[in-house]
Amino acid sequence: MTQTNHFVAVEANIAAGKSTLLPKLAEALDWDPIQEPAEDPEFARLLGEFTKNPKAPGNRIRFQSYITQRRAEIVESLPTHRNYLIERSLYSDLIFTQANFLSMDQPDTEFMLHYCEIQKRLKEYPRISAVVYLHTTPEKAHERLQYRAREAEDGTPFEYIRDIHNYHEAILPQICASMNTPLITMDWNDFGCEHQVAEKILEVVQKH
Ligand SMILES: Nc1ncnc2c1ncn2[C@@H]1O[C@H](COP(=O)(O)OP(=O)(O)OP(=O)(O)O)[C@@H](O)[C@H]1O
């Protein structure tokens, strides 16, 4: 069946400001916000394990697989008369998987299988009408991460934030181009205004 409603994904580095913007932006648009399941205890547990020992391949893959599964489930069977603003999408999973895969000394086949799993799930995923990318410098994202001080993220090194930034910059435009998804980039080093973002979204989705 042809999809008639919109799903717009807000993508950005860790601690760039996605979850703070999401409810305000959803209200400005009168759309429904779908937050990342950061309060989900299993999500927090797996993230904590991964952050404590990021080099352990098992920790990475368990965390990533769980997120991918949750992301896919979260958008299943939603009422089609509403539009949705989602905090990260399967596009994020493609970015994180590639970042983690390429940073490992000897990646194993589980990573490749996970990458294929995301690609497979993307076929069932709603069409993303646009991606809003909140662009920050890695220094700014790291500063915000330290300031908000979530226990599960304790000890996240600057280098990881820098790498995730670089992979967003390199891969997100590529994914959007291949999926024919318009990419809206907002400078988020100084927090922007939700009404300005809402205006851009409406302009893009109405045109596309
Ligand atoms: N518009 C804003 N004004 C003031 N502070 C903000 C704003 N947006 C975000 N922040 C602060 O910046 C920090 C990171 O923001 P937030 O938690 O929204 O990031 P995030 O991108 O959702 O992170 P993650 O993806 O890791 O969940 C938080 O401490 C938050 O309070």
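Residues numbered from 1 in each chain as written. Predicted model: local features only at pLDDT ≥ 70, side-chain atom pairs only at ≥ 80, totals over all residues. Heavy atoms only, no water.

Naming follows an unreviewed UniProt entry, where the chain appears as Deoxyadenosine/deoxycytidine kinase of Endozoicomonas lisbonensis.

*Asks:* Explain the side chain of T156 here, please?
*Replies:* By the secondary structure assignment, T156 is in the loop between α6 (138-148) and α7 (158-179). The class for T156 is buried, based on a relative accessible area of 13%. Not counting the four nearest positions on each side in its chain, T156 is found in contact with T51, H142, L145 and I161. (Helix = DSSP H or I, 4+ residues; strand = E, 2+ residues; numbered from the N terminus. Buried < 20%, exposed > 50% of the residue type's maximum accessible area, 1.4 Å probe, protein only. Contact = heavy atoms within 4.5 Å.)

*Asks:* How should the UniProt feature "domain: Deoxynucleoside kinase" (unreviewed entry) in the chain be read in this particular structure?
*Replies:* Using the residue numbers shown here, the UniProt feature "domain: Deoxynucleoside kinase" (unreviewed entry) corresponds to residues 9-207. Span residues 9-207 is 60% helix and 11% strand, its end C-alpha atoms 17 Å apart. (UniProt positions renumbered as here; feature names shortened; annotations may be inferred.)

*Asks:* Could you clarify how one ought to interpret α6 in this entry?
*Replies:* Quick reminder: α-helices carry 3.6 residues per turn. Residues three or four places apart thus point the same way. Those residues of α6 that sit buried are P138, A141, H142, R144 and L145. Angular distribution of buried residues about the axis of α6 spans 160 degrees; they occupy a single face of the element. Opposite the packed face of α6, turned more than 90 degrees from it, sit the exposed residues Q146 and Y147. Buried positions along α6 lie against α7. Among the residues trailing α6, A149 stands out with phi positive, at a value near 45 degrees. (Arc of directions from axis to C-beta.)

*Asks:* What is the right way to look at the sheet that holds strand β1 (residues 7-12) in this model?
*Replies:* The strands making up a sheet are joined through hydrogen bonds of the backbone, oriented either antiparallel or parallel. Pairing is parallel in the open sheet, where five strands are placed in the order β2-β3-β1-β4-β5. Looking at strand neighbours, the two that pair on one side only are β2 (32-34) and β5 (183-187), the edges of this open sheet. Adjacent strand axes in the sheet meet at a mean angle of 20 degrees, parallel and antiparallel pairs treated alike. Where β2 lies against strand β3 (residues 84-87), three bridges are found, and the strand directions are parallel. Bridge pairing links D32 to Y84 in β3. Where helix α8 (residues 194-207) meets the sheet, its contacts fall on β1, β3, β4 (130-135) and β5, and the angle it forms with β5 comes to roughly 165 degrees. (Pairing = 2+ DSSP bridges. Axes fitted to C-alpha atoms, helices over the stretch in contact; angles between N-to-C directions.)

*Asks:* When you look at the site of the ligand in this model, what are you seeing that I'm missing?
*Replies:* The full set close to the ligand counts 16 residues, and G17, K18, S19, T20 and R148 are the nearest of them. Taking K18, its side chain carries an N or O atom lying 2.6 Å from an oxygen atom of the ligand. For the ligand, an oxygen atom lies 2.6 Å from a polar atom in the side chain of T20. Taken by itself the ligand offers 620 Å² of open surface, and the protein chains cover 78% of this. Counting residues per element, the shell around the ligand draws most heavily on helix α1 (residues 18-29), at four residues. For the shell around the ligand, the class distribution of residues is four nonpolar, four polar and eight charged. (Near = heavy atom within 4 Å. Polar contact = N/O pair within 3.5 Å; in protein donor to acceptor, adjacent residues only side chain to side chain. Areas by Shrake-Rupley, 256 points an atom, 1.4 Å probe, with all protein chains shown as cover. Nonpolar A, V, L, I, M, F, W, Y, C, P; charged D, E, K, R; others polar.)

*Asks:* Would you mind going over the packing of aromatic side chains with me for this structure?
*Replies:* Describing an aromatic ring pair means giving the distance of the ring centres and the angle of the ring planes. Counted according to the given criterion, the structure contains five aromatic pairs. Joined through ring pairs, the aromatic side chains of F43, F50, F63 and Y160 make up one cluster. (Phe/Tyr/Trp six-rings, centres within 6.5 Å; stacked < 30°, edge-to-face > 60°.)

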